[in-house]
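# Descriptive analysis of the structure
Each chain, letter by letter, is given below.
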Amino acid sequence: MTMFLIIAVAIALQIFLTARKLSPFLSLLVVAIPMGLALGMSPQELLKTIDNGVGSTLAGLALVIVLGAILGKVLEESGAAEKIANTLIARFGEKKIQWALLLTGFLVGIPLYFNAGFIILLPLIFSLARRTGLPILYLAIPTVASLSTTHCFLPPHPGPVILVNAFGADMGLTLVYGILMAIPAVVIAGPFLGRRMQHINPPLLDLFASSTDHKELPGTWSSFLIALAPVLLIGVSVFADSLLPEGPVRSALLFLGNPTVALLLSTLLAFWWLGHRRGASLETQTKWLNAAIAGIAVIVLIITAGGVFKQVLVDSGVGAQIAALSEAWQMPPLIFAWLATALLRVMIGSATVAVITAAGIVGPLIATTGASPELMVLAVGAGSVFGSHVNDSAFWMFKEFFNLSMKQTFASWTLMETTISIVGLGGVLLLDQVV
């Protein structure tokens, strides 16, 4: 219990310091270091953990965030983002724009990891907010809820794939059940919650604000194709990985579908097609690039510090303590799987680490209780998004990009993630009665 008390105090201190306007980049580091020492880590272990936390976070996010911001800036400055926004509004109308964003997020979220999908769709959310005057969270929540739901429930995302292999579940059946669960989860956590968050309306950051008066907008097809080029490249690589035999074609498609490579190629295409071909000089395009990087530099640092905080929790053995505690409980296997994963998620912060740890804890229950392997996959997946807070890098991405206070982030992002988790558990239990 001492470990849990230390973590609770550290999280409370982090919330307090951020609420007092200390930069989250500094406060996360200031809190993470004494927390690691209090949890029994030696100074040498703690220094190694800090390096690992920085490296693992930047390796997975830095280039994706930077390239995504540059692509978004080019789309905005060239008028392509405005063209996309105008097209969606004309096709769906402002009253149904949430459903358009929900569908877009769902389609983008199937092939893309959450972080990549989030960065790619940010310019669209900002552009629609400026174009319509609607509150930013009214538009953001349906989009992000779709991305989060596909990330935790649907293969080929890493969490569900890890669990399918660990539990011996059927991939196709897991996908079918996952889609059945994802639909109510994303509707409730998306448009339904988004409408109730309209009062949370912070000032829009000028990350993707255009400094150009667009006299002539790009074409509709070119705007959509360039904006969705990373999605298309990554989607093709997913199918290549599943369907093509080993060989040069498969290797080439997997390389092109790497999120960093896909975003780099899409950014270069945007500079050429939307910049050079439309008369923007190299100097002008360089200004776009510099403005994009400057706008997200602090956000990248905050996310990195969040990665350090998370890594301290992982390396200090919190997962093992929760596993030992969980094994002493007696409850239905699906509820146990969800609750154990939710505890890991709240304490550790990483959904993927929570999933991997939970797989070892609850896997043996399948053989001893006869629980459905596919539903166990989805129960763990639902638990892995419960209660996201300050030890989760996605929490800080959402907070900083949408210019929210801590209170607003808990009332929007954390509530949305928890809703997806609870609705997902309800879906698992309902399917258990049906199948």
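Residue positions are given per chain, counted from 1 along the sequence in the order it is written. With pLDDT at 70 or above as the cut-off, local features in this predicted model cover only qualifying residues; side-chain atom pairs require 80 or more to be listed or tallied, and sums for whole chains, interfaces and linings still use all residues. Heavy atoms throughout the structure, all of them, feed into the side-chain values; hydrogens and water do not.

### A look at the overall build of the chain
Going along the chain from the N terminus, every DSSP run of H or I of four or more residues is numbered as a helix, and every run of E of two or more is numbered as a strand. Looking only at helices and strands, one finds 20 helices and zero strands in the chain. Here the C-alpha atoms of the chain give a radius of gyration of 22 Å, agreeing with the 22 Å that 2.2 N^0.38 yields for 435 residues. Along the first, second and third principal axes, the C-alpha set of the chain runs to 65 × 50 × 50 Å. Here the term buried applies to any residue with accessible area under 20% of the maximum for its type, exposed to any over 50%, and partly exposed to those in between, with areas from a 1.4 Å probe on protein chains only. A total of 435 residues make up the chain; the buried ones form 54% of that total. Radius of gyration: C-alpha atoms only; globule rule: 2.2 Å multiplied by the number of residues to the exponent 0.38.

### Points about the pattern of salt bridges
By definition here, a salt bridge exists when the distance from a side-chain nitrogen of Lys or Arg to a carboxyl oxygen of Asp or Glu is within 4 Å. Inspection of the entire model under this criterion finds six salt bridges. As a salt-bridge pair, E246 and R250 come within 3.1 Å of each other at their nearest N and O atoms. Given the relative accessible area of 11%, R250 is considered buried. A salt bridge links E417 to R345; the nearest nitrogen and oxygen atoms lie 3.3 Å apart. Taken together, the positions of E417 in helix α20 (residues 406-434) and R345 in helix α15 (residues 333-348) put the pair 72 residues apart, joining distant regions of the chain. An identical accessibility class is assigned to E417 and R345; each is buried. Residues joined in a network through salt bridges with shared partners are D241, E246 and R250.

### Focus: the environment of G40
Here G40 lies in the loop between α2 (24-38) and α3 (43-78). Sequence spacing of G40 and V236 is 196 residues, and the spatial spacing of their C-alpha atoms is 46 Å.

### Some words on the nonpolar core
Only buried residues count toward a nonpolar core, which is a set of Ala, Val, Leu, Ile, Met, Phe, Trp, Tyr and Cys residues joined through side-chain atoms within 4.5 Å. Counting 135 residues, the largest nonpolar core has F118, F153, F401 and F402 as its most contacted members. Not counting the four nearest positions on each side in its chain, F153 is found in contact with P160, G178, M181, A182, A185, L378, G381, A382, I420 and G424. In what follows, a contact means two residues having at least one pair of non-hydrogen atoms within 4.5 Å.

### What to know about helix α12 (residues 259-275)
Between the first and last residue of a helix there are one fewer steps than residues, each counted as 1.5 Å, and that sum is the expected span. Counted at 1.5 Å a residue, the expected span for α12 with its 17 residues is 24 Å, and the 22 Å between its end C-alpha atoms agrees. Along α12, the residues that are buried comprise V261, A262, L263, S266, T267, A270, F271, L274 and G275. Any pair of N or O atoms that falls within 3.5 Å is considered a polar contact. Within protein, one atom must be able to donate a hydrogen and the other to accept it, and sequence-neighbouring residues count only if both atoms are side-chain atoms. Two or three places before T260, at the opening of α12, N258 has a side-chain oxygen 2.9 Å from that residue's backbone nitrogen.

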